[in-house]
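Chain by chain, the residues run as shown.
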Amino acid sequence: MFAFDKKDSYSFSFTSPDELRLYLEQNGYEIPFSKDLAPLSNQVEITAPNGEKKILKNALATHPMEGCDAELDGSPSDLTRRRYERFSGSGAALVWAEAISVVPEARTSDHQMMFTEKNADAFRRLVDDVKKNDAFFVAQLTHSGRFAKNSDTPHALFATKSLPFEEKRPQDVDVPVLSDDYLDSLPEKYAKAAKIAEDAGFDAIDVKACHQYLLDELLSAHTREGKYGGSFENRAKLMLDCFDAVRSVLRPETVLASRLSFSDMIEYPYGFAVAEGKPVTPDLTETKKLLEVLTQKGLSLVNMTMGSPYFNPHINRPYNKGAYEPPEHPLVGLERLIDGAREIQTAFPNLTVIGTGYSYLREFAPYVAAGALRDKAATMIGFGRMAFAYDTFAKDMIEGKTDPRKVCIACSKCAELKKRSLHTGCPIRDQEIYLPLYREHCMNNK
Ligand SMILES: Cc1cc2nc3c(=O)[nH]c(=O)nc-3n(C[C@H](O)[C@H](O)[C@H](O)COP(=O)(O)O)c2cc1C
């Protein structure tokens, strides 16, 4: 039996939704809960820059998750297509494609997807597959900056020095930061990639700024000198220049989106949207300032996230087992993610905000998701690890038939595969492809 204490056992031992609800109530969590699952079937409206309303069939989404299985030229492989058939076949109304690089030097591995003029047809096939399942498809444009790691790039591509990261990776201390000239060249690259994505048939383009990848790292570049560091205006400059460049080449009916770290949860002055002079605490003042500008420029879809999988993964995706024992109960992490989404959704009621972090809740996730939708703490709820694990999760959640034998168990094995740049998926629930890889490369501390 579980104990009624926030700091107690981190194991997940709830045996019924009512048990979870009671636990949340008795321990003072502000985590919404609804036995009525109807909100999961809410139709969702997303407004394009020309005012056109896109109608989505329900309020569930799959989150972007890198699969490290693209061909060397950046096009989706058969295995990539298999993943997206599963995501779109899950019944979720929206599929948010994983990080797709805008330039070769910034790939996280030789097998990260990348948009080029030569591989546009391969992306068109991927889009066709997803469209067969009637899903709205978002392309995530990225430059992986600090986390670039591929055969052509000898070292990470930093936008700013960051003590907390350098303490973990002392070999990075002497690596120079990217020049203003290099950063100046990027908006055009984002625009080119966005056009390829739109021509391939994606419904929305995400200018990604999260997890300390380049554009988010710049948002936190309080200590960088020159036009891309210091003031809020300077730190937000490249994000806004890329957004403008993307918008200028797209048709007005293509939705503008962003996966945004609402807070990096990395100590000031190294993190974006954290309180100064306090133990690490989210402060969404600058997040709102940024969203104010972006929504005026036509942003209508935002996928919330926090933290960085490379620095504080327990913030980013509450887990039971992971790289380290989390310093807080995973439900505290989930509550923070829900609070963040709620704060932004309340400040921007017309923005389609997608909530994050729910996979930790296993078969009880639909009740919390329905509660969050009912309370307008988000407009849609996204699932990441759950989508790797459970190929019909959205249909089953909507029908109230979530199968405990198929759910994600928050064991971080997918993240271990990703960390090693191996084909990434769920070794527990999708064993045919991913268990042999996990056995060969990750077991016995390999
Ligand atoms: C293996 C793996 C790969 C991920 N890749 C991406 C990515 O490409 N882009 C992104 O924005 N988030 C990425 N994420 C974060 C997820 O989108 C999501 O925010 C996180 O897993 C928490 O949601 P969940 O609790 O439903 O899993 C990744 C997560 C995992 C586990």
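Quantities reported herein were computed from a predicted structural model and do not represent experimental measurements. (Residues numbered from 1 in each chain as written. Predicted model: local features only at pLDDT ≥ 70, side-chain atom pairs only at ≥ 80, totals over all residues. Heavy atoms only, no water.)

A.B. asks: Talk me through the layout of surface pockets; I want residue IDs and the actual numbers.
C.D. replies: The computed volume of the second largest pocket comes to approximately 280 Å³. Taken together, 14 residues make up the lining of the second largest pocket; nearest its centre are Gln-345, Pro-349, Lys-376, Ala-378 and Thr-379. The element contributing the most residues to the lining of the second largest pocket is strand S1 (residues 44–47), with three residues. Tallied by class, the residues present in the lining of the second largest pocket amount to five nonpolar, seven polar and two charged. (1 Å grid on protein atoms, 1.4 Å probe; cavity = no way out; pocket = protein on both sides within 12 Å on 5 of 7 lines; lining within 4 Å. Points joined across faces, edges and corners; volume = space filled by probe spheres on them. Helix = DSSP H or I, 4+ residues; strand = E, 2+ residues; numbered from the N terminus. Nonpolar A, V, L, I, M, F, W, Y, C, P; charged D, E, K, R; others polar.)

A.B. asks: Report on the site of the ligand, specifying residues and quantitative values.
C.D. replies: Around the ligand lies a shell of 24 residues, among which Pro-64, Gln-140, Ser-359, Gly-384 and Arg-385 are the nearest. Within the contact set of the ligand, an oxygen atom lies 3.1 Å away from a backbone nitrogen or oxygen of Ala-99. When contributions to the shell around the ligand are tallied by element, the ones reaching two or more residues are strand S4 (94–101), helix H13 (385–389) and helix H15 (413–419). Looking at the shell around the ligand residue by residue, the classes come out as eight nonpolar, nine polar and seven charged. (Near = heavy atom within 4 Å. Polar contact = N/O pair within 3.5 Å; in protein donor to acceptor, adjacent residues only side chain to side chain.)

A.B. asks: So, the pattern of salt bridges: which residues are in play, and what are the values?
C.D. replies: Under the criterion given, the structure shown has 31 salt bridges. Notably, a salt bridge pairs Arg-251 with Glu-198, separated by 3.6 Å at the nearest N-O pair. You can see Arg-251 sitting in the loop between helix H8 (232–249) and strand S7 (255–263) and its partner Glu-198 sitting in helix H6 (residues 186–200), a full 53 residues away along the chain. Three or more residues are tied together by salt bridges with common partners; here these are Lys-195, Glu-198, Asp-199, Arg-251 and Glu-253. (Salt bridge = Lys/Arg side-chain N within 4 Å of Asp/Glu carboxyl O.)

A.B. asks: Would you mind going over the side chain of Ser-101 in detail, with residue names and values included?
C.D. replies: Mapped onto the secondary structure, Ser-101 falls in strand S4. Relative accessible area serves as the criterion here: at 0%, Ser-101 is assigned to the buried category. (Buried < 20%, exposed > 50% of the residue type's maximum accessible area, 1.4 Å probe, protein only.)

A.B. asks: I'd like to hear about helix H1 (residues 17–26), residue by residue, with values.
C.D. replies: Along H1, the residues that are buried comprise Pro-17, Glu-19, Leu-20, Tyr-23 and Leu-24. In a view along the axis of H1, the buried residues occupy a sector of 165°, so they form one face of it. Buried residues belonging to H1 abut helix H11 (330–347) and helix H12 (365–374). Backbone geometry just downstream of H1 places Gly-28 in the positive-phi region, at approximately 70°. (Arc of directions from axis to C-beta. Contact = heavy atoms within 4.5 Å.)

A.B. asks: An account of the packing of aromatic side chains is requested, with residue identities and associated values reported.
C.D. replies: Scanning the entire structure with this criterion turns up 20 aromatic pairs. Ring centres 6.2 Å apart and planes at 20° place the aromatic pair Phe-12 and Phe-364 in the stacked group. Here Phe-364 lies in the loop between strand S9 (352–355) and H12 and Phe-12 lies in the segment before H1, a separation of 352 residues in the sequence. Here Phe-12 matches Phe-364 in class, with each residue buried. On the numbers, 6.1 Å between centres and 45° between planes, the contact of Phe-87 with Phe-388 is tilted. (Phe/Tyr/Trp six-rings, centres within 6.5 Å; stacked < 30°, edge-to-face > 60°.)

A.B. asks: Please set out the pairing of strand S5 (residues 136–142) residue by residue, giving values where relevant.
C.D. replies: Most of S5 is tucked away: seven of the seven residues are buried. Here S5 shows two buried faces, one formed by Phe-136, Val-138, Gln-140 and Thr-142 and the other by Phe-137, Ala-139 and Leu-141. The parallel pair S4 and S5 is bridged by helix H3 (residues 120–132), and the resulting crossover is right-handed. Bridge count for S5 against strand S6 (residues 204–207) is four bridges, and the pairing is parallel. Bridging from a neighbouring strand, Leu-141 pairs with Val-207 of S6. (Right-handed = clockwise from strand over helix to strand, strands pointing away. Pairing = 2+ DSSP bridges.)

A.B. asks: Mind laying out the nonpolar core, listing which residues take part and the relevant values?
C.D. replies: Formed by 134 residues in total, the largest nonpolar core has its most connected members in Leu-94, Phe-115, Phe-202, Leu-290, Leu-301, Leu-331 and Leu-361. A total of eight residues in this core trace back to one element, the largest contributor, which is H8. When neighbours within four sequence positions are excluded, Leu-331 is seen to be in contact with Phe-14, Tyr-23, Leu-24, Tyr-29, Ile-31, Tyr-360 and Leu-361. Judged by nonpolar contacts, the second largest core, of seven residues, contains Leu-79, Leu-422, Tyr-434 and Leu-437. (Core = buried A, V, L, I, M, F, W, Y, C linked by side-chain atoms within 4.5 Å.)

A.B. asks: Lay out the pairing of S1 with the relevant residues and their values.
C.D. replies: Only one face of S1 is covered, namely the face carrying Val-44 and Ile-46; the face carrying Glu-45 and Thr-47 is uncovered. Direction of pairing for S1 relative to strand S2 (residues 53–56): antiparallel, over a ladder of four bridges. Note on S2: the bridge partner recorded for Glu-45 is Ile-55. Counting the residues between successive antiparallel strands, the hairpin from S1 to S2 contains five residues, one of them, Gly-51, with a positive phi of roughly 90°.

A.B. asks: Account for the sheet that holds S4, with residues named and values stated.
C.D. replies: A barrel is described by the order of its strands in space; here eight strands give the closed sequence S3-S4-S5-S6-S7-S8-S9-S10, paired in parallel fashion. On average, each strand axis in the sheet is inclined to that of its neighbour by 30°, with strand direction left out of account. Inspection of the sheet shows S7 paired to strand S8 (residues 299–306) by seven bridges, in the parallel sense. Residue Ser-263 lies in a different strand from S8, and its bridge partner there is Met-306. Packed on one face of the sheet, H6 meets S5 and S6 and runs near 160° to S5. (Axes fitted to C-alpha atoms, helices over the stretch in contact; angles between N-to-C directions.)

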